[in-house]
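# Reading the structure
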Amino acid sequence: MLSSLRIASRRAATARNLVAVRASSTWRNVAQGPPVRITEAFKADSFDKKINLGVGAYRDDQGKPYVLPSVRKAEDKVIASRMNKEYAGITGVPEFTKAAAVLAYGKDSSALDRLAITQSISGTGALRIGGAFLARWFPGAKTIYVPQPSWANHAAVFKDSGLTVNKYNYYSKDTLGLNLEMMLGDINAAYPGSIFLFHACAHNPTGVDPTEEQWKKIEAAVKAKGHYAFFDMAYQGFASGDVDKDAFAVRYFVSQGHDICLAQSFAKNMGLYGERVGAFSVVCANQSEKARVDSQIKILVRPMYSNPPIHGARIAAEILNTPELYEQWLGEVKEMADRIITMRALLKENLEKLGSQHDWSHITNQIGMFAYTGLTPEQMDQLAKEHSVYATKDGRISVAGITSENVGRLAEAIFKVKG
Ligand SMILES: Cc1ncc(COP(=O)(O)O)c(C=O)c1O
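A quick note: this is a predicted structure, and the numbers were derived from the prediction, not measured.

The angle between the axes and the distance between the axes are what describe a pair of packed helices. At a minimum axis separation of 8 Å, helix H3 (residues 69–80) and helix H13 (residues 323–353) run at an interaxial angle of 150°. Here H13 runs roughly antiparallel to H3, going by the angle between their axes. Of the residues in H13, those touching H3 at Pro 69, Ser 70, Lys 73 and Ala 74 are Leu 325, Gln 328, Trp 329 and Glu 332. Here the contact of H3 with H13 is composed, by residue class, of four nonpolar, two polar and two charged.

See the structure below:
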């Protein structure tokens, strides 16, 4: 038996070793990343009428997270069918990917039988697979142009995928709308055969979408320079309330002969945020190309996460493939879009009632979850510090966080900082 003296001296030696290990920790060079400011400041604020307009998720008119009734029904059906929990294939649940393709491209699309498609970890995962696929197989320069501004994660995702990220002009701070001339100029000036990322609808963060006529000009410019179009469709149905209207750009490009690629997300339009349901697809020239692209997508996905989760995809498949549920879902998407459109109108109306002399028509002209208010970073700071209204510094507010109850207070706060 060890004497108590020996035990104590062994313990002391272990402690010394641990200190030595800590002093030369493997991770000593890891730099601290920046804090997520809105969330932290919002949490720390004890005011009971504080407003959080920084979240990228839909809230109902009580400010609560919303589970679509069609999703509840579909989920109940999925659970009741007591399916097994076996792995999906590398490219996911086929009933889901087939239906997702029809939703995006349209049931009569020429793309459907030459489409390589894989389920993805929501929209972000789709962009990541797309970035990796282009980095490995795009025949031209591995440079992708994203709009200025764009969803902040675009540049990060594409950079981490191995692409070089450049920007093209998109938004005019003067008109608070689309700067089509500058955008077309940048498309023309880019090295021929470059990759261009387009938000299919409900541009994040500006809420500014090209009209159908403007999309036609953009398509012509892309074609003239032999560029390649990558569409990010994170809000199909969520913008206008109509899934076909919101897919206009995607379908128009395909109809004009572009073999686009597409990232789809079901986070917003089905409210399946945390279930991470999405798809990445590539329109190919023919069946044999599709088979080759399919095989390479599998080669990319397998070492990343092997195969995707099944539960959310089963729910989405149930909705998309059951006619009554599909009709119900279309109605619910429209309700969400309409609530957002109503909140935009109410905010503008309240600002005008307060006597604001500014032209707030951009709030109602913009579309989708976000509004780009045109407020400066200093004014956004003031909103947070003096009025407990939290959103991103670039002046973007999530309209989905506005309710009939808080819209009056929000308008007052904006009026006080902007006039
Ligand atoms: C433009 C855009 N693309 C993609 C995404 C991806 O979202 P998710 O990964 O949740 O589907 C978002 C989410 O906010 C977005 O705004």
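There is more to say, and it comes next.
Mapped onto the present numbering, the UniProt feature "domain: Aminotransferase class I/classII large" (unreviewed entry) falls at residues 49–414. Secondary structure across residues 49–414 divides into 46% helix and 15% strand, with the first and last C-alpha atoms of the span separated by 15 Å.

Before going further, it helps to spend a moment on the site of the ligand. In the region of the ligand, the neighbouring residues are Gly 56, Ser 122, Gly 123, Thr 124, Trp 151, His 199, Asn 204, Asp 232, Ala 234, Ser 265, Ala 267 and Gly 278. Looking at which element gives the most residues to the shell around the ligand, the answer is helix H5 (residues 122–137), with three residues.

Turning to the sheet that holds strand S4 (residues 164–169), a few remarks are in order. What the seven strands build is an open sheet, ordered S2-S10-S9-S8-S7-S3-S4; its pairing is mixed. Edge positions in the sheet fall to strand S2 (115–121) and S4, since each of these pairs with one other strand and no more. Direction aside, neighbouring strands of the sheet carry axes that sit 25° apart on average. Packed onto the sheet, H5 meets S2, strand S7 (195–199), strand S8 (228–233), strand S9 (261–265) and strand S10 (277–283) and runs at close to 160° relative to S9.

The rules behind the values
Residues numbered from 1 in each chain as written. Predicted model: local features only at pLDDT ≥ 70, side-chain atom pairs only at ≥ 80, totals over all residues. Axes fitted to C-alpha atoms, helices over the stretch in contact; angles between N-to-C directions. Helix = DSSP H or I, 4+ residues; strand = E, 2+ residues; numbered from the N terminus. Parallel < 35°, antiparallel > 145°, perpendicular 65-115°, else oblique. Contact = placed C-beta atoms within 7 Å. Nonpolar A, V, L, I, M, F, W, Y, C, P; charged D, E, K, R; others polar. UniProt positions renumbered as here; feature names shortened; annotations may be inferred. Near = placed C-beta within 6 Å. Pairing = 2+ DSSP bridges.

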